[in-house]
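Results of the structural survey
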Amino acid sequence: MARRGEKLLLAAALLLSGVSGTAAGDAQVNTIQDIFRHLRTCWKPPPPAKARPIDITVVVSFNRSGNILGHPRISYESAEASDDDRLQYRIAVMEALQRCTPMPFTDAMAGAAAGRPFAIQFRSRRTSPPTQERRA
């Protein structure tokens, strides 16, 4: 099972190694909230026919010029997701990052964001599943 996870991450890294270009317009990114807004404009979850809706979080860092620094890392996926769901959503996340980079940072934001890890949540479900509360 671990080998499959490694293959999924390798496929995502290869996808990101292609040519990137900003598709979210020319709006400058000047705040942390702008980073999240900018990435939301690039997010296209897989259609329900390909994968059930899940939540997924990726940790990514950028350099001063707005390109991805290192390799993005998936830090969370909904527990009920199948391997196929996970694969489809990992691909969709990497495609969103590819569409949105280089991030159009202002000069001030470029210095502030460079090298800083951002945990970006991509949600395709309307609501999160209910959590089980424990009583002490």
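Residues numbered from 1 in each chain as written. Predicted model: local features only at pLDDT ≥ 70, side-chain atom pairs only at ≥ 80, totals over all residues. Heavy atoms only, no water.

A look at the overall build of the chain
- Of regular secondary structure, the chain possesses four helices and three strands.
- For the chain, the sequential pattern of α-helices and β-strands runs α-α-β-β-α-α-β.
- Buried positions account for 38% of the 136 residues belonging to the chain.
- Sequence-distant contacts, at least 24 apart, represent 80% of the contacts inside the chain between residues at least 6 apart.
- Surface summary for the chain: the accessible area is close to 8,400 Å², and the carbon and sulfur share equals 53%. (Helix = DSSP H or I, 4+ residues; strand = E, 2+ residues; numbered from the N terminus. Buried < 20%, exposed > 50% of the residue type's maximum accessible area, 1.4 Å probe, protein only. Contact = heavy atoms within 4.5 Å. Areas by Shrake-Rupley, 256 points an atom, 1.4 Å probe, with all protein chains shown as cover.)

Quick word on the confidence of the model for the chain
- Confidence in the prediction of the chain, expressed as mean pLDDT, is 83, and 72% of residues score 70 or more.
- Taken together, the stretch residues 10–24 has pLDDT below 50 and engages in 33 contacts with residues farther than four places along the chain or on a different chain. (pLDDT = per-residue confidence, 0-100.)

Quick word on the pairing of strand 2 (residues 68–77)
- Where strand 1 (residues 55–62) meets strand 2, six bridges bridge the pair, whose relative direction is antiparallel. Paired with Ser61 across the strands is Leu69, a residue of strand 2.
- In sequence, strand 1 turns back onto strand 2 through a hairpin of five residues, with Gly66 there showing a positive phi of about 90°. (Pairing = 2+ DSSP bridges.)

Digging into the nonpolar core
- Among the nonpolar cores identified, the biggest contains 29 residues, and Ile35, Val58, Phe62, Val93, Leu97, Phe105 and Phe122 are the most heavily contacted of them.
- For this core, the elements supplying multiple residues, two or more each, are helix 2 (32–42), strand 1, strand 2, helix 3 (83–100), helix 4 (107–113) and strand 3 (118–123).
- Looking at which element gives the most residues to this core, the answer is helix 3, with seven residues.
- In this structure Phe122 touches Leu39, Trp43, Ile54, Asp55, Ile56, Val58, Val93 and Ala96, once residues within four positions along its chain are discounted. (Core = buried A, V, L, I, M, F, W, Y, C linked by side-chain atoms within 4.5 Å.)

Examining the packing of helix 2 against helix 3
- Packing of helix 2 against helix 3 leaves a shortest axis separation of 8 Å and a crossing angle of 115°. Relative to helix 3, helix 2 is oriented roughly perpendicular. Classified by chirality, the crossing of helix 3 by helix 2 is right-handed. Contact with helix 2, carried on its side by His38, Leu39, Thr41 and Cys42, involves Ala96, Leu97, Arg99 and Cys100 of helix 3 and no other residues of that element.
- For the contact of helix 2 with helix 3, the per-class residue count stands at five nonpolar, two polar and one charged. (Axes fitted to C-alpha atoms, helices over the stretch in contact; angles between N-to-C directions. Parallel < 35°, antiparallel > 145°, perpendicular 65-115°, else oblique. Left-handed = near helix turned anticlockwise from the far one by under 90°. Nonpolar A, V, L, I, M, F, W, Y, C, P; charged D, E, K, R; others polar.)

Describing the environment of Phe62
- Mapped onto the elements of the fold, Phe62 is located in strand 1.
- Overall, Phe62 belongs to the buried group, its relative accessible area being 0%.
- Spatially, the C-alpha atoms of Phe62 and Gly115 are 5.7 Å apart, while their sequence positions differ by 53 residues.
- Phe62 has contacts with Ile35, Asn67, Ile68, Leu69, Thr101, Met103, Phe105, Ala113, Ala114, Gly115, Arg116 and Phe118, leaving out every residue within four places of it along the chain.

Focus: the packing of aromatic side chains
- Taken as a whole and assessed by the stated rule, the structure comprises five aromatic pairs.
- Their ring planes at 45° and their centres at 4.6 Å tell us that Trp43 and Phe122 sit as a pair that is tilted. Of the two residues, Trp43 is situated in the loop between helix 2 and strand 1 and Phe122 in strand 3; the sequence distance between them amounts to 79 residues. Comparing Trp43 with Phe122, the two get one shared label, buried.
- Measuring from centroid to centroid gives 5.9 Å for Phe62 and Phe105, while their planes differ by 80°, and the two rings are edge-to-face. Of this pair, Phe62 sits in strand 1 while Phe105 sits in the loop between helix 3 and helix 4; the two residues are 43 residues apart in sequence, bridging distant segments of the chain.
- Take Phe105: its relative accessible area is 9%, and that puts it in the buried class.
- The rings of Phe36, Phe62, Phe105 and Phe118 are connected pair by pair, giving a single aromatic cluster. (Phe/Tyr/Trp six-rings, centres within 6.5 Å; stacked < 30°, edge-to-face > 60°.)

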